[in-house]
Amino acid sequence: MNGIHELRVQASSGSYVIRIGNGLPETIDKTLEEFGWSKKTPTMVITDDTVAALPWFQQLRSTLEMSCTRMIAAAIPAGEQSKSLEEAARFYDLAYTAGFDRDTWILAIGGGVVGDLAGFVAATYMRGVSFVQIPTTLLAHDSSIGGKVAVNHPKGKNIIGAFHQPRAVLYDVSTLQTLPEREFRSGLAEAVKHALIADVSLWQWLAEHHAGIRERNLDVLAELLYRSCKVKAGIVERDEKETNERALLNFGHTFGHAFETLLGYGTLTHGEAVSIGMVAALALGALLNEHSQSLKEEVENVLTSLSLPVRLPIPIDANEAIELMRKDKKARAEQLTFILLQEIGKAAIRIGVPIDSAKVALQAVAKER
Ligand SMILES: NC(=O)c1ccc[n+]([C@@H]2O[C@H](COP(=O)([O-])OP(=O)(O)OC[C@H]3O[C@@H](n4cnc5c(N)ncnc54)[C@H](O)[C@@H]3O)[C@@H](O)[C@H]2O)c1
Ligand SMILES: O=C(O)C(=O)C[C@@H](O)[C@H](O)[C@H](O)COP(=O)(O)O
Ligand SMILES: [Zn+2]
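So, how was this worked out
- Residues numbered from 1 in each chain as written.
- Chains lettered and ligands numbered in written order.
- Predicted model: local features only at pLDDT ≥ 70, side-chain atom pairs only at ≥ 80, totals over all residues.
- Core = buried A, V, L, I, M, F, W, Y, C linked by C-beta atoms within 7 Å.
- Buried ≥ 20, exposed ≤ 12 C-beta atoms within 10 Å, placed from the backbone.
- Helix = DSSP H or I, 4+ residues; strand = E, 2+ residues; numbered from the N terminus.
- Domains from an automatic or database assignment.
- Contact = placed C-beta atoms within 7 Å.
- Near = placed C-beta within 6 Å.
- Nonpolar A, V, L, I, M, F, W, Y, C, P; charged D, E, K, R; others polar.

Peer 1: When you look at the nonpolar core in this model, what are you seeing that I'm missing?
Peer 2: Membership of the largest hydrophobic core comes to 110 residues, with the highest contact counts inside it found for Ile-106, Ala-108, Ala-280 and Ala-281. Sort the elements by how many residues they give to this core and helix H12 (residues 270-287) lands first, with 11 residues. Here this core spans two domains, and each of domain 1 (2-178) and domain 2 (181-364) adds at least three residues to it. Non-local contacts of Ala-281, meaning those with residues more than four positions away in its chain, are made with Phe-251, Gly-252, Phe-255, Phe-338, Ile-339 and Leu-340.

In structure tokens:
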């Protein structure tokens, strides 16, 4: 794989490379060898049925099949509903029946759903085997780094999971050319989040490269991924297991995860839910005098210009949303916990936010009647 950008994540449990480039389908075997894989490694490829049908995936699969002596490949149905224990169980069965041992490598080829599920299987099969993240959505620049792997509980996002870092992250930007427009836009929400919480220069860069991003210029996309991955990698290095600073990566997610669960998994994409969630968090921040109302409006305008939603598409019950948010993974003793901005590039954790304030913020993103 030709690398355009490369960075290393030095997590406390291990270090690994994020390579952003092109040419992966033709060179996947040689590239994996650089990271310790061999042709005899029991290799399980996990993807989804949309990705499995794409020409570049078929090329990648045939490159692997020609060199790998022990390989299984299987696809989940595309979509958030596949992030389930039932789907994970299918892969345990496949691997165990094939006699795959602790030397197994799992290759997660797809978006965040595939990455989270395959990573969860890798974290738990035989108490942990190696895995490689091969992200193919824009959003997956976020999900492929940092080792948060999980499946959903019917009543809560990512409730069943682990921290399990990949051996490498291999990002072929040309795969982003086949991404549907809605999914492409969704991925921008997490890049905006990274800029807002920690990198004012990324915020300015996003404004300057708006056209190149929308046109999917591959050099611009490679740089966008590099800059955004750098923010995430830095935070993960400093706080791998989310004892403190890593929680900032949850900006927009206390609300966003509640919206995804309440509306039914897959109704909103994760990126859309985060976009609306960030607006709700900004409404809350303005209400609690963490920042000005004009900051909320500035971010809302940028999200709108990127064609991201800033209001819920259907009404929700505020009390149900509050109950879900009280059970958020960041919350202790069911105290409402949010990440709020202070200014562009700076965020903080706020614990014990009053329910009434959170309800006002929910009202700010409610479906307009
Ligand atoms: N672990 C983390 O740190 C982390 C971070 C952010 C998000 N997430 C999780 O990631 C998930 C969302 O990921 P996502 O937005 O990538 O969704 P996704 O994995 O569902 O992919 C979106 C859609 O794009 C299709 N697709 C993927 N690559 C394609 C390509 N190159 N060309 C054409 N179609 C392609 C998929 O089949 C799917 O239909 C959520 O479950 C979210 O919770 C996890
Ligand atoms: O990596 C992190 O930490 C994040 O919070 C990144 C989020 O974008 C991502 O959606 C993550 O899966 C949320 O984690 P959770 O712990 O709130 O489930
Ligand atoms: Zn997210």
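Now that the structure is up, let's keep going.
Peer 1: I keep staring at the environment of Leu-24 and nothing clicks. Help me out?
Peer 2: Take Leu-24: it is sitting in helix H1 (residues 24-34). Leu-24 sits in the buried class, given 25 other C-beta atoms within 10 Å. Separated by 292 residues in sequence, Leu-24 and Ile-316 have C-alpha atoms that sit 43 Å apart. Leu-24 has contacts with Met-1, Thr-31, Leu-60, Leu-170 and Asp-172, leaving out every residue within four places of it along the chain.

Peer 1: Can you help me understand the site of ligand 1 in this one?
Peer 2: Contacts to ligand 1 come from 31 residues, most closely from Thr-50, Gly-111, Gly-112, Thr-137 and Ser-143. Looking at the shell around ligand 1, the elements that each hand over two or more residues are helix H2 (49-52), helix H5 (112-124), helix H6 (140-143), helix H7 (181-198) and H12. Looking at the shell around ligand 1 element by element, the count peaks at four residues for H5. Residue classes in the shell around ligand 1 are distributed as eight nonpolar, 15 polar and eight charged.

Peer 1: Hey, could you run me through the domain arrangement of the protein chain in this one?
Peer 2: Where interface size is quoted, it is often the accessible area lost as the parts come together. Along its sequence, the protein chain is organised into domain 1 (2-178) and domain 2 (181-364). On a C-alpha basis, the centres of domain 1 and domain 2 stand 25 Å from each other. Counting residues at the interface gives 31 residues for domain 1, matched by 30 residues for domain 2. For the side of domain 1 that touches domain 2, the elements supplying multiple residues, two or more each, are strand S1 (2-11), strand S2 (14-22), H6 and strand S8 (156-163). Per-element accounting of the side of domain 1 that touches domain 2 gives the leading share, six residues, to S1. By residue class, the composition of the side of domain 1 that touches domain 2 is 13 nonpolar, 14 polar and four charged.

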